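If you want the building blocks of each chain, they are given just below.
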Amino acid sequence: MGQDAFTQLVDAYYAPLYRFALSLARNPADACDLTQQTFYVWATKGGALRDVTKVKTWLFTTLYREFLRGRRRGARMTAIEDLPPGADDVAAAEADVALNMDAQQVVEALQDVDDVFRAPLTLFYLEDLPYQEIADMLEVPIGTVMSRLSRGKAQLRAALARQAAEGASKVIPFPNSQRKTS
Amino acid sequence: MNTTEVKFILQARRPDGSDDAEPRFAEALAQAQRDPELAEWLAREQAFDAAVAEKLRGVQPPADLRAAILAGARMSRPVAFWRKPQVLALAACVAVLLAVVALWPVARRPVAGSTDQLALGVMSEVGSEAHRHGMPQANGELRTLLTKAGTRLAAGVPMEMEQLKADGCRSLKIGGRDVLEVCFQRGGTFHLYVARRKDFEGDAEPMFRERGELASVAWTDAKHAYVLVTQDGVQALRGVF
């Protein structure tokens, strides 16, 4: 791949990859590292990919694998059987809650979602990959992707609600002034 | 499909509608449109998803990330194997070696033929139309030598190649090597071919052979290889040999 083609590839995918990385890694520095590492892997091994239509999936999959490789797997993973059930309904105000937050707050809420749900949830919102490719990437059946998505959404709503509540409670109390009387 | 199943499917419906063509989503959507309560739930769900997706898309990478990716990849991109210094050096060595071999004088010199090859070559030449229409005749010292009744060619022709050419021999190539040709009459018609000894290896012992109407004898001395050919038979050859 020539330099121009590589630049075009970076321009097309580095932003969504960074967003995905940010949701996984929980901080911008690690997200940058993950994104860079993904393109490094592409630069060294991407030539072996024969189907050019799979470039996007290849990049997201590589980023996710790099993320998994770079951490102690299992330490922060939530076992599926220990998960709480998903919320049944959505409060009507939740869309407004999300809309009234800035992007950083939404990302922080997303980062509160358990790892196992966060990857499919972020990919769902990035709208970049079809379900089958998300399933292939996570190496789980489509039904499992949808199940994790359901539970991830429930955790995201809860996290957004917490943030909204914390924001509302962040009222700086008026300091008690003790007037000195003479 | 009950309400819980419809919700399970539709909560996975992406806000941009890219999943709507899939049968399971299409069926769940159709059911939601028939059920006002489900339709209301779906509207809230889609509004929530659209809001989160919009916020997520609003996250901008750090300003220097793109430049860092391009610079880092440029630095770490593997060099094509044929551009690696070691490979280039090896290729240069091979090229030099090939050049040396190609230019080596010994290697360029053709391997010496045999007097058998010379004999077969000249017999073909004698049988050709070109030869019959232009038989070179000897003159000078060579003519004297060849036509003298007592001369026995088995002792060879004590003349250098250049002198033979000067005395009427025609030059031709047999097997890529220089061969001189001269014809003379002495109780028959004879065709003598002379080549450098180093170009045609063979025994000093004469080798007589017959092919069709032609008879020949091949032999060598210290400097030259010879073939004498005639259409007058082996006995005629022996008369001058």
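Residues numbered from 1 in each chain as written. Chains lettered and ligands numbered in written order. Predicted model: local features only at pLDDT ≥ 70, side-chain atom pairs only at ≥ 80, totals over all residues.

1. What to know about the overall build of chain B
When you go through chain B residue by residue, the secondary structure sums to 11 helices and 8 strands. Long-range pairs, those at least 24 residues apart, make up 60% of the contacts in chain B between residues at least 6 apart in sequence. (Helix = DSSP H or I, 4+ residues; strand = E, 2+ residues; numbered from the N terminus. Contact = placed C-beta atoms within 7 Å.)

2. Some thoughts on the overall build of chain A
Tallying secondary structure elements over chain A gives 8 helices and 0 strands in all. Its helices and strands taken in sequence order, chain A reads α-α-α-α-α-α-α-α from the N to the C terminus. Considering only contacts in chain A between residues 6 or more positions apart, those separated by 24 or more positions represent 73%.

3. A look at the nonpolar core
Judged by nonpolar contacts, the single largest core of 63 residues is most densely connected at Leu17(A), Ala21(A), Leu63(A) and Ala98(A). The element contributing the most residues to this core is helix H1 (residues 3-25) of chain A, with 11 residues. Discounting chain neighbours no more than four positions away, the residues touching Leu17(A) are Thr35(A), Thr38(A), Leu59(A), Phe60(A) and Leu63(A). Ranked by size, the runner-up nonpolar core spans 34 residues in total, among them Leu164(B), Phe200(B), Val227(B) and Val240(B). (Core = buried A, V, L, I, M, F, W, Y, C linked by C-beta atoms within 7 Å. Buried ≥ 20, exposed ≤ 12 C-beta atoms within 10 Å, placed from the backbone.)

4. So, the interface of chain A and chain B
How big an interface is tends to be stated in terms of the accessible area lost upon association of its parts. In this complex, chain A contributes 35 residues to the contact, which on the side of chain B involves 30 residues. Within the residue set of the side of chain A that touches chain B, elements represented by two or more residues are H1, helix H2 (28-45), helix H4 (94-100), helix H5 (103-111), helix H6 (115-126) and helix H8 (142-169) of chain A. Within the side of chain A that touches chain B, the residues separate by chemical class into 25 nonpolar, 5 polar and 5 charged. (Nonpolar A, V, L, I, M, F, W, Y, C, P; charged D, E, K, R; others polar.)

5. So, the pairing of strand E8 (residues 224-230) of chain B
Along any regular strand, the residues point their side chains to alternate faces of the sheet. All names here are of chain B. Burial analysis of E8 places 7 of its 7 residues in the buried class, which makes it a mostly covered element. Residue alternation in E8 divides its side chains into two sets, His224, Tyr226, Leu228 and Thr230 and Ala225, Val227 and Val229, and both sets are buried. The pairing of strand E4 (residues 189-196) with E8 spans 7 bridges and is antiparallel. Paired with Phe190 across the bridge in E8 is Thr230. With 6 bridges joining them, strand E7 (residues 214-220) and E8 adopt antiparallel strand pairing. Each residue of the ladder has a partner; that of Ser216, found in E8, is Val229. Between E7 and E8, which pair antiparallel one after the other, the connecting turn spans 3 residues. (Pairing = 2+ DSSP bridges.)

6. Notes on the confidence of the model for chain B
Overall, the prediction assigns chain B a mean pLDDT of 82, with 87% of residues at 70 or greater. Reported confidences for the modelled complex are a pTM of 0.52 and an ipTM of 0.75. (pLDDT = per-residue confidence, 0-100.)

7. Some words on unusual backbone geometry
What is expected of a backbone is that most residues other than glycine have negative phi and most peptide bonds are trans. Residue and element names in this part refer to chain A. Non-glycine residue Arg26 carries a positive phi angle of around 75°. Along the polypeptide, Arg26 turns up in the loop between H1 and H2. Note on Arg26: 17 C-beta atoms within 10 Å, which makes it partly exposed.

8. What to know about the environment of Leu65(B)
On the secondary structure map, Leu65(B) appears in helix H4 (residues 65-76). Overall, the presence of 20 C-beta atoms within 10 Å leaves Leu65(B) in the buried class.

9. Comments concerning the packing of H1(A) against H2(A)
Residue and element names in this part refer to chain A. Put simply, H1 and H2 touch, their axes get as near as 8 Å, and they point 135° apart. For the element pair H1 / H2, the angle class is oblique. In the crossing of H1 with H2, the sense of the turn from one axis to the other is right-handed. The segment H1 lies against H2, with Val10, Tyr14, Leu17, Tyr18, Ala21, Leu22 and Ala25 engaging Pro28, Asp30, Ala31, Leu34, Thr35, Thr38 and Phe39. In the contact of H1 with H2, the residues fall into 11 nonpolar, 2 polar and 1 charged. (Axes fitted to C-alpha atoms, helices over the stretch in contact; angles between N-to-C directions. Parallel < 35°, antiparallel > 145°, perpendicular 65-115°, else oblique. Left-handed = near helix turned anticlockwise from the far one by under 90°.)

10. Re the sheet that holds strand E6 (residues 207-211) of chain B
All names here are of chain B. Spatially, the 6 strands line up as an open sheet ordered E2-E3-E4-E8-E7-E6, and their pairing is antiparallel. Looking at strand neighbours, the two that pair on one side only are strand E2 (170-174) and E6, the edges of this open sheet. Strand-to-strand twist across the sheet, computed as the mean angle between neighbouring axes with direction ignored, equals 25°. Direction of pairing for E2 relative to strand E3 (residues 177-185): antiparallel, over a ladder of 5 bridges. Across the sheet, the residue bridging to Ser171 is Leu180, located in E3.

11. Some details on the packing of H1(A) against helix H3 (residues 55-69) of chain A
Residues and elements named next belong to chain A. Put simply, H1 and H3 touch, their axes get as near as 10 Å, and they point 30° apart. In this structure, H1 crosses over H3, and the sense of that crossing is right-handed. Contact residues: Leu9, Tyr13, Leu17, Phe20, Ala21, Leu24 and Ala25 in H1; Val55, Lys56, Leu59, Phe60, Leu63 and Phe67 in H3. Taken together, the residues of the contact of H1 with H3 sort by class into 12 nonpolar, no polar and 1 charged.

12. Here we look at the pairing of E3(B)
Residues and elements named next belong to chain B. Counted between consecutive antiparallel strands, the loop separating E2 from E3 contains 2 residues, among which Gly175 sits at a positive phi close to 65°. Pairing geometry for E3 and E4, over 7 bridges, is antiparallel. Within E4, the residue paired with Phe184 across the bridge is Phe190.

13. Some details on H1(A)
All names here are of chain A. Its 23 residues give H1 an end-to-end C-alpha distance of only 29 Å, which falls more than 12% under 33 Å, the value for a rise of 1.5 Å per residue. In the structure, H1 departs most strongly from a straight axis at Tyr13, where the bend amounts to approximately 45° and where the proline Pro16 lies between one and four residues downstream. In the stretch just after H1, Arg26 is the one whose phi turns positive, near 75°. (Expected span 1.5 Å × (residues − 1). Bend = angle between axes of the 7 residues up to and from the residue.)

14. What to know about helix H2 (residues 23-34) of chain B
Residues and elements named next belong to chain B. Helix length check: H2, at 12 residues, gives a terminal C-alpha distance of 17 Å against a target of 16 Å (1.5 Å per residue), a fit within 8%. Residues of H2 that are buried include every one of Ala28, Leu29 and Ala32, and no others. The buried side chains of H2 occupy one side of the element, clustering within an arc of 105° when seen end-on. With respect to the buried face of H2, the exposed residues turned more than 90 degrees away are Pro23, Ala26, Ala30, Gln33 and Arg34. Elements that come into contact with the buried residues of H2 comprise helix H1 (3-10) and helix H3 (36-57). (Arc of directions from axis to C-beta.)

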